[in-house]
Amino acid sequence: MAARNALLKYLRVNVHPVQPFLQNPRTVIGGSISNFLRHRCFSEEVRGSFLDKSEVTDRVVTVVKNFQKVDPSKVSPSAHFHNDLGLDSLDTVEIVMALEEEFGFEIPDNEADKISSINLAVDFIASHPQAK
Amino acid sequence: MKLQCLGKQLFNSSANLPRIQLSSPMEAHLWYIIPSEVQSQSLLNQYAEILSPCEKEIVFEMRDEELRKRALLARALVRTTIARYQINSHVSPRSLKFIKNVHGKPEVDWQHCEQWRPLPLHFNISHTSSLIACGVTVDSPIGIDVEKKNRRLKHNVMSFAQRYFSKHEVQVLSAISDPQLQLQEFIKLWTLKEAYVKALGRGFSDAPFKTFTIRIRSATKGSFAGNSNFEASEIVVDSFDDSMDLTSDWKFVLMDLAGSHYAAICTKKDSSIQGIQITPTKLTVWKTIPFVHDECVSGTAAVVIISG
């Protein structure tokens, strides 16, 4: 019993009512908690807009494998469109178009030719919040 | 069979590259190789010998044998082609050095030639799985593109055109009712647009396809080679972007090459020639297996000029 009480005393956390931060700047703990909660919500919203990289990789690999000219056995996440898959510039533009369809957002023309490998495609898509 | 036999003979590399003259900016030369015609391993080894260590590394890192062969042939084609034009000096294909311009376009690094005054050649290369081509000019930027005539598109032609081509080009393509014909015109247009962007040397990002229109317009030639005026078609480019090079500076040739490919060549007009007179590019085309066999195919069925 004594041990239990001692433990409970040890574990007891002082809880203050959550005050608006500006009104009561001295309630540091309360302010911190509300800020922390606010921050946590915000980053969840932001995190929710970006797709998970491994999911993007799987989807990009599938799109590329479905491309008729491509030998599916040569498609790995590090595959380079020209050097590893033998694709030319017209093929690459077709792949970019297929990725736009898959992920539901437009890849600007001035970015398109930088996407020369699966890795680069994944990096680009995973860093764009418009990707679905 | 005959080619394989020839390939087994080991020629001295420099001795077996007949020298060619290219003196006028109005001229363009095109050299092409058909990968399937090169089967001799000893010949492929000879080609590997003329590559730089860096090029060898890139080529031999490729895991696919066919892709590796194509990459090897492409480098060998560029090096041997450029070496042919150095008439006044003894240049080996291996001694050439290459750099990339500020936008990534490969060029010959002439600065490394101390003992000799090289001919200021410009070159550009294009490959498909069944044909690799290298275009050269003197004193003019050049861009080339080759595509298989029977290539298939994954997407619908009009969807692709609407996404990437200009409004005018979309209109021209949509007016073609036969799907086969439409696809062929699309491919021709693609090669012309690619050749233009490659001639500009600034990369696809800098000159997105939607920002310029390529049109084939009929025009009358002035008296050329003694002939009086007759109808000809001219390929022109219009740009929507003011900051780009003056589009009237560029001229094009579009051809049916080897019966299997469309090829487009874009070069800059000689600025000393004024007026609206069309002075067509004098184009000479060779089919080659470097060190083995060169065949001038201009004027044969292998080269059919479509326009320009």
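Because the structure is a prediction, the values reported are computed rather than measured.

Asker: Before we go on, may I ask you to explain the packing of aromatic side chains in this structure?
Answerer: Two measures describe an aromatic ring pair: the distance that separates the ring centres and the angle between the ring planes. Residues and elements named next belong to chain B. In the structure shown here, the tally under the stated rule is 15 aromatic pairs over all chains. Grouping aromatic residues by their ring pairs yields a cluster made of Phe160, Tyr164, Phe165, Phe186, Trp190, Tyr196, Phe209, Phe212, Trp250 and Phe252. Here Arg163 stacks its cationic end above the ring of Tyr164, 4.5 Å away from the centre of that ring. The ring of Phe165 has Lys193 lying over it, and the distance from NZ or CZ to the ring centre is 5.2 Å.

Asker: Looking at this model, I keep getting lost on the interface of chain B and chain A. Mind explaining?
Answerer: Quite often, the size of an interface is put as the accessible area lost when its parts meet. Facing 24 residues of chain B, the contacting portion of chain A comprises 28 residues. Roughly 2200 Å² of surface becomes buried between chain B and chain A when both sides are summed, with 54% attributable to carbon and sulfur atoms. Across the chain B-chain A interface, the total number found is six salt bridges. Between Arg151 of chain B and Asp88 of chain A there is a salt bridge; the shortest N-O distance is 2.9 Å. Put simply, chain B and chain A have 10 residue pairs in polar contact (both at pLDDT 80 or more) between them. Taken together, the elements giving at least two residues each to the side of chain B that touches chain A come down to α4 (65–84), α5 (157–164) and α7 (179–200) of chain B. Per-element accounting of the side of chain B that touches chain A gives the leading share, four residues, to α5 of chain B.

Asker: Looking at this structure, I do not really get the UniProt feature "domain: Carrier" (unreviewed entry) in chain A. What am I missing?
Answerer: Taken from the UniProt record, the annotation "domain: Carrier" (unreviewed entry) applies to residues 54–129 of chain A. Helix makes up 53% of residues 54–129 of chain A and strand 0%. Its end C-alpha atoms lie 16 Å apart.

Asker: Hey, could you run me through the packing of helix α3 (residues 53–65) of chain A against helix α4 (residues 89–103) of chain A in this one?
Answerer: The geometry of a pair of packed helices is captured by two quantities: the angle between their axes and the separation between those axes. All names here are of chain A. Running from N to C, α3 and α4 cross one another at 130°; their axes reach a closest spacing of 10 Å. With respect to each other, α3 and α4 are oriented oblique. When you trace α3 past α4, the crossing you get is right-handed. Residues Val56, Arg59, Val60, Val63 and Val64 of α3 lie in contact with α4, whose contacting residues are Ile95, Ala98, Leu99, Glu102 and Phe103. Of the residues that constitute the contact of α3 with α4, the class distribution is eight nonpolar, no polar and two charged.

Asker: Would you explain the pattern of salt bridges in this entry?
Answerer: Any two side chains of opposite charge can pair if their charged atoms end up close together. For the structure on display, the rule yields 21 salt bridges over all chains. One salt bridge in this structure joins Glu147 of chain B and Arg151 of chain B, with 2.6 Å as the shortest N-O distance. Side by side, Glu147 of chain B and Arg151 of chain B carry an identical accessibility label, which is buried. It is possible to trace a salt-bridge network through shared partners that takes in Lys69, Asp88 and Asp91 of chain A together with Glu147 and Arg151 of chain B.

Asker: When you look at the sheet that holds strand β12 (residues 293–296) of chain B in this model, what are you seeing that I'm missing?
Answerer: Backbone-to-backbone hydrogen bonds join strands into a sheet, with any given pair of strands oriented parallel or antiparallel. All names here are of chain B. One open sheet holds the five strands; their spatial order is β4-β5-β1-β11-β12, and the pairing between them is mixed. Across the chains shown, the open sheet's two edge strands, defined by having one partner strand only, are β4 (121–127) and β12. The average angle at which neighbouring strand axes cross in this sheet is 20°, direction not considered. Pairing between strand β11 (residues 282–289) and β12: four bridges, direction antiparallel. Residue pairing in the sheet places Trp286 in a bridge with Cys296 of β12.

Asker: When you look at unusual backbone geometry in this model, what are you seeing that I'm missing?
Answerer: Most peptide bonds take the trans form, and the phi angle of most residues other than glycine is negative. Phi at Ala258 of chain B takes a positive value of approximately 60°, unusual for a residue other than glycine. Following the sequence through the fold, Ala258 of chain B ends up in the loop between β9 (250–257) and β10 (261–268).

Asker: Explain the packing of α5 of chain B against α7 of chain B to me, please; I cannot follow it from the model alone.
Answerer: Residue and element names in this part refer to chain B. The N-to-C vectors of α5 and α7 enclose an angle of 30°; their axes lie 10 Å apart at closest approach. As the angle between them shows, α5 and α7 are arranged roughly parallel. α7 is crossed by α5, and the crossing has left-handed handedness. Listed contacts from α7 to Val157, Met158 and Phe160 of α5 are Gln182, Leu183, Phe186 and Trp190. Split into classes, the residues belonging to the contact of α5 with α7 amount to six nonpolar, one polar and no charged.

Asker: Even after reading the chapter, I still don't get the environment of Phe123 of chain B, so can you show me in this structure?
Answerer: On the secondary structure map, Phe123 of chain B appears in strand β4. On a C-alpha basis, the gap between Phe123 of chain B and Ile289 of chain B in space is 18 Å, while along the polypeptide they are 166 residues apart.

Asker: Which parts of the structure should I look at to understand the sheet that holds strand β6 (residues 142–148) of chain B?
Answerer: All names here are of chain B. Pairing is antiparallel in the open sheet, where four strands are placed in the order β6-β10-β9-β13. Each edge of the open sheet is held by one strand with a lone partner, namely β6 and β13 (303–307). When the angles between neighbouring strand axes are averaged without regard to direction, this sheet yields 25°. Taken together, the seven bridges between β6 and β10 define a ladder with antiparallel strand orientation.

About the cut-offs
Residues numbered from 1 in each chain as written. Chains lettered and ligands numbered in written order. Predicted model: local features only at pLDDT ≥ 70, side-chain atom pairs only at ≥ 80, totals over all residues. Heavy atoms only, no water. Phe/Tyr/Trp six-rings, centres within 6.5 Å; stacked < 30°, edge-to-face > 60°. Lys NZ or Arg CZ within 6 Å of the ring centre and 35° of its normal. Contact = heavy atoms within 4.5 Å. Buried area = accessible area lost by both parts, 1.4 Å probe. Salt bridge = Lys/Arg side-chain N within 4 Å of Asp/Glu carboxyl O. Polar contact = N/O pair within 3.5 Å; in protein donor to acceptor, adjacent residues only side chain to side chain. Helix = DSSP H or I, 4+ residues; strand = E, 2+ residues; numbered from the N terminus. UniProt positions renumbered as here; feature names shortened; annotations may be inferred. Axes fitted to C-alpha atoms, helices over the stretch in contact; angles between N-to-C directions. Parallel < 35°, antiparallel > 145°, perpendicular 65-115°, else oblique. Left-handed = near helix turned anticlockwise from the far one by under 90°. Nonpolar A, V, L, I, M, F, W, Y, C, P; charged D, E, K, R; others polar. Buried < 20%, exposed > 50% of the residue type's maximum accessible area, 1.4 Å probe, protein only. Pairing = 2+ DSSP bridges.

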